Amino acid sequence: MNIVKRQVPGPRSVELLAKSARFEPPCMSDQVPVVWDHAEDVWIYDVDGNKYLDFTSGVLVTNVGHSHPRHVDAIRRQAGRLMNCYSFPTPERVELSERLVGKLPQNLDRVFLLTTGAEATEAAIRIVKRYAGKHEILAFFGAFHGRTYGPMSVAGNANTRRKFGPAVPGGIFAPFAYCYRCVYDKTYPDCEFHCVKALDRIVESASSGDLGAVITEPYQGGAGFINPPQGWLKELEKWAVDRGLLLIVDEVQSSFGRTGKFLAIEWEDVHPQMVCIGKGIGSGMPASALAGESRIFDCMKPGEMSSTTGGNPLASAAALTVMDILEEQKLPDNARAMGAYLLHRLGELQLKFECIGDARGMGLALGMEIVENKKTKKPAASTAQSIILGAARYGLMTGRVGFYGNVIRVAPPLTIREQECDLAIAILDKVFSEI
Ligand code: PLP
């Protein structure tokens, strides 16, 4: 395979990055200094004409591949008909709601269409408080649910809350099932889900008796693709049901086929009372949804929950086409097959290189945890940064995430093929060998 090194960033990227630094706040920065120009399926082209294999999916968004012709066509046609009409129903919005309900577990019989992931988790938090009449929510270390105040207040990463003053009261935090770095120093399966059993003790000490719900991601993407062991979510569901708590699963990142099923909760046959959906639903068009049970949504009266662009016909038409493409191209199946293949190939790299502490994930939501060495497991964020820059120079676009900033994101669009996975592995092999 011919892997050629290019100048990254190129001159046009440098020029635009300087303009960005002059007119945009630094908090917008990303980690590979290139300016994207256009993209097609799994390929990105920057403004200097460099081509990259996309292993970010634009942060797990473009599930059907960049600018899928049918997706583009549906958006073009809808843009010429009707783009927004606030909360008046449209055929596209109503049809999308029906299609979504048809794909969800039976108890989730309503969807509330919104625009961003944070809006969906924010809406879930508001509804829980109204419905349950209780105001505390149990969340997990490392959790990320968005950046507005409600979701920020249940963020288990202090960076999300740092120096923003008091969060919305009621967030209670417990360790997530981060087995690679278990805070209880236990090993799965011998631990028998000690981290779930320990929740009672945490709630006893931290709750004022006003706990109404538990919110969790099925795997923690932002914290570094931390996948709890099989059975954890089911165990958590049992724990919540036994205590009369509602369960909210934040599938903003994991939905729409990303893990190899339409929703990640299908892997464990879990039935939360609310599920937050985002990113892949629009596959590039801003869209999100909160799915829930009608008995719960009924606690909100007409006009109490609305959003100017939520469920707009443009986003709804785009999402309907995304659903068609997912089904017709069997993309969840491809995510499952290619995910298993990539994880196997990442495992080979892990055996070969001392700095890859862990390679993990489900479907096409994978991560590689970079450490100083396998024994100490000390997080190596600067090495991870060198790896993503090195990979970009050889034509592979990845990103760096994680509680410690040391996890390489391996999350291509769900349309990826085996030979493209092989190319990515060959590039990573070369970069790791050089570092
Ligand atoms: N929830 C999860 C699990 C996420 O990964 C994200 C974004 O990364 C969000 C919520 C917030 O979504 P948005 O950035 O669309 O507001």
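For every chain, the first residue of its written sequence is number 1, and the numbers climb from 1 along that sequence. Residues qualify for local features only when their pLDDT is at least 70, as the model is predicted, and side-chain atom pairs are given and counted only at 80 or more; totals for whole chains, interfaces and linings, by contrast, use all residues. Calculated side-chain values reflect all of the structure's heavy atoms, with hydrogen atoms and water omitted.

**Description of the packing of helix α14 (residues 381–393) against helix α15 (residues 418–434)**
Alright, step 1. To obtain an axis, a line is fitted to C-alpha atoms, over the contacting stretch when the element is a helix, and the angle between two such axes runs from 0 to 180 degrees between their N-to-C directions. By definition, any uninterrupted DSSP run of H or I lasting at least four residues is a helix, any uninterrupted run of E lasting at least two residues is a strand, and each is numbered from the N terminus. Across the interface, α14 lies against α15 with an axial gap of 9 Å and an inter-helix angle of 125 degrees. When the axis of α14 is compared with that of α15, the two are oblique. The crossing of α14 and α15 is right-handed. Within the contact between the two elements, α14 uses Ile 387, Gly 390 and Ala 391 and α15 uses Ile 427, Leu 428, Val 431 and Phe 432.
Alright, step 2. Charged residues are taken to be Asp, Glu, Lys and Arg, nonpolar residues to be Ala, Val, Leu, Ile, Met, Phe, Trp, Tyr, Cys and Pro, and polar residues to be all remaining types, Gly included. Of the residues in the contact of α14 with α15, the class split is 6 nonpolar, 1 polar and no charged. Note that the term roughly parallel is reserved for angles under 35 degrees, roughly antiparallel for angles over 145, roughly perpendicular for angles of 65 to 115, and oblique for everything else. It is the rotation of the near helix from the far one that decides the hand of a crossing: anticlockwise by less than a right angle makes it left-handed, clockwise makes it right-handed. We call two residues in contact whenever any of their non-hydrogen atoms come within 4.5 Å of each other.

**Here's the deal with the environment of Ile 202**
Alright, step 1. As for its position among the elements, Ile 202 is in helix α9 (residues 199–206).
Alright, step 2. A C-alpha to C-alpha distance of 6.9 Å links Ile 202 and Ala 174, two positions 28 residues apart in sequence.
Alright, step 3. In this structure Ile 202 touches Ile 172, Phe 173, Ala 174, Pro 175, Tyr 184 and Ser 207, once residues within four positions along its chain are discounted.

**Brief notes about the sheet that holds strand β10 (residues 288–292)**
Strands in a sheet are paired, the pairing made by backbone hydrogen bonds, and the direction either parallel or antiparallel.
Alright, step 1. Only strands that DSSP links by at least two bridges are regarded as paired with each other. Taking strand neighbours across the sheet as the criterion, the 7 strands line up as β4-β10-β9-β8-β7-β5-β6 in an open arrangement whose pairing is mixed. What marks the edges here is a single partner per strand, and that holds for β4 (110–114) and β6 (171–174). Averaged over all pairs of adjacent strands, the angle between strand axes in this sheet comes to 20 degrees, irrespective of strand direction.
Alright, step 2. The strands touched by α9 within the sheet are β5 (136–140), β6 and β7 (211–216), with β6 carrying the most contacts at an inclination of about 145 degrees.

**Quick word on the nonpolar core**
Alright, step 1. In this structure, Leu 100, Trp 232, Trp 239, Met 368 and Ile 370 are the most contacted members of the largest nonpolar core, which totals 102 residues.
Alright, step 2. Examining the composition of this core, we find that 9 residues originate from one element, helix α12 (residues 313–328), more than from any other.
Alright, step 3. Reported domain spans reflect what an automatic or database domain assignment gives. Both domains that meet at this core, namely domain 1 (11–64 + 330–434) and domain 2 (70–328), each give it at least three residues.
Alright, step 4. When neighbours within four sequence positions are excluded, Leu 100 is seen to be in contact with Val 111, Leu 113, Phe 256, Phe 262, Ile 281, Ala 289 and Met 323.
Alright, step 5. Formed by 24 residues, the second largest nonpolar core is a distinct cluster that contains Leu 114, Ala 120, Val 252 and Leu 290. Put simply, a nonpolar core is a bunch of buried Ala, Val, Leu, Ile, Met, Phe, Trp, Tyr and Cys residues held in one set by side-chain atoms that sit within 4.5 Å of each other. Any residue under 20% of the maximum accessible area for its type is buried, any over 50% is exposed, and the rest in between are partly exposed; the area is computed with a 1.4 Å probe on protein chains only.

**Considerations on the domain arrangement of the protein**
Alright, step 1. What the domain assignment reports for the protein is domain 1 (11–64 + 330–434) and domain 2 (70–328).
Alright, step 2. One C-alpha centre belongs to domain 1, the other to domain 2, and the line joining them spans 25 Å.
Alright, step 3. Taken together, the contact between domain 1 and domain 2 spans 37 residues of the former and 33 residues of the latter.
Alright, step 4. Of the roughly 2800 Å² buried between domain 1 and domain 2 on both sides combined, carbon and sulfur atoms contribute 56%.
Alright, step 5. Summed over both partners, the accessible area lost on bringing two parts together, with a 1.4 Å probe, is the buried area. Interface area lost by domain 1 to domain 2 is led by Val 64, Met 362 and Phe 403, which between them contribute 23%.

**Concerning empty space enclosed by the protein**
Alright, step 1. Every definition here rests on a 1 Å grid over the protein atoms only: cavities are sets of points where a 1.4 Å probe fits but cannot get out, pockets are open sets enclosed by protein on both sides within 12 Å along at least five of seven lines, and lining residues have some atom within 4 Å of a point. Grid points are joined across faces, edges and corners, and a volume is the space filled by probe spheres set on the points. Across all of its chains, the model carries 2 cavities of 30 Å³ or more by this definition.
Alright, step 2. Of the voids in this model, the largest cavity is the one considered here, and its volume is about 60 Å³.
Alright, step 3. Around the largest cavity sit Ile 125, Lys 129, Ile 137, Gly 150, Ser 153, Val 154, Val 168, Pro 169, Gly 170 and Gly 171, which together line it.
Alright, step 4. Class assignment for the residues of the lining of the largest cavity results in 5 nonpolar, 4 polar and 1 charged.
Alright, step 5. Within this model, the second largest cavity holds a volume of roughly 40 Å³.

**Here's the deal with the packing of aromatic side chains**
Alright, step 1. Classification of ring pairs uses Phe, Tyr and Trp, with its six-membered ring standing for Trp, and accepts pairs whose centres are within 6.5 Å; under 30 degrees between planes counts as stacked, over 60 as edge-to-face, and the remaining range as tilted. Considering all chains together, one arrives at 8 aromatic pairs under this definition.
Alright, step 2. Geometrically, the ring pair formed by Tyr 188 and Phe 193 is tilted, given 5.7 Å between the ring centres and 50 degrees between the ring planes.
Alright, step 3. Judged by its relative accessible area of 13%, Phe 193 is buried.
Alright, step 4. Their ring planes at 25 degrees and their centres at 5.3 Å tell us that Phe 353 and Phe 432 sit as a pair that is stacked. Linking Phe 353 in the loop between α13 (331–352) and β11 (356–362) with Phe 432 in helix α15, this pair joins segments that are 79 residues apart in sequence. No difference in accessibility class separates Phe 353 from Phe 432, as the two residues are buried.
Alright, step 5. Three or more aromatic residues link up through ring pairs in this structure, and these residues are Phe 140, Phe 176 and Trp 232.
Alright, step 6. Over the face of the ring belonging to Tyr 52 we find Arg 6, whose NZ or CZ atom lies 5.1 Å from the ring centre. Here, a charge over a ring means that NZ of Lys or CZ of Arg falls within 6 Å of the ring centre while also lying within 35 degrees of the ring normal.

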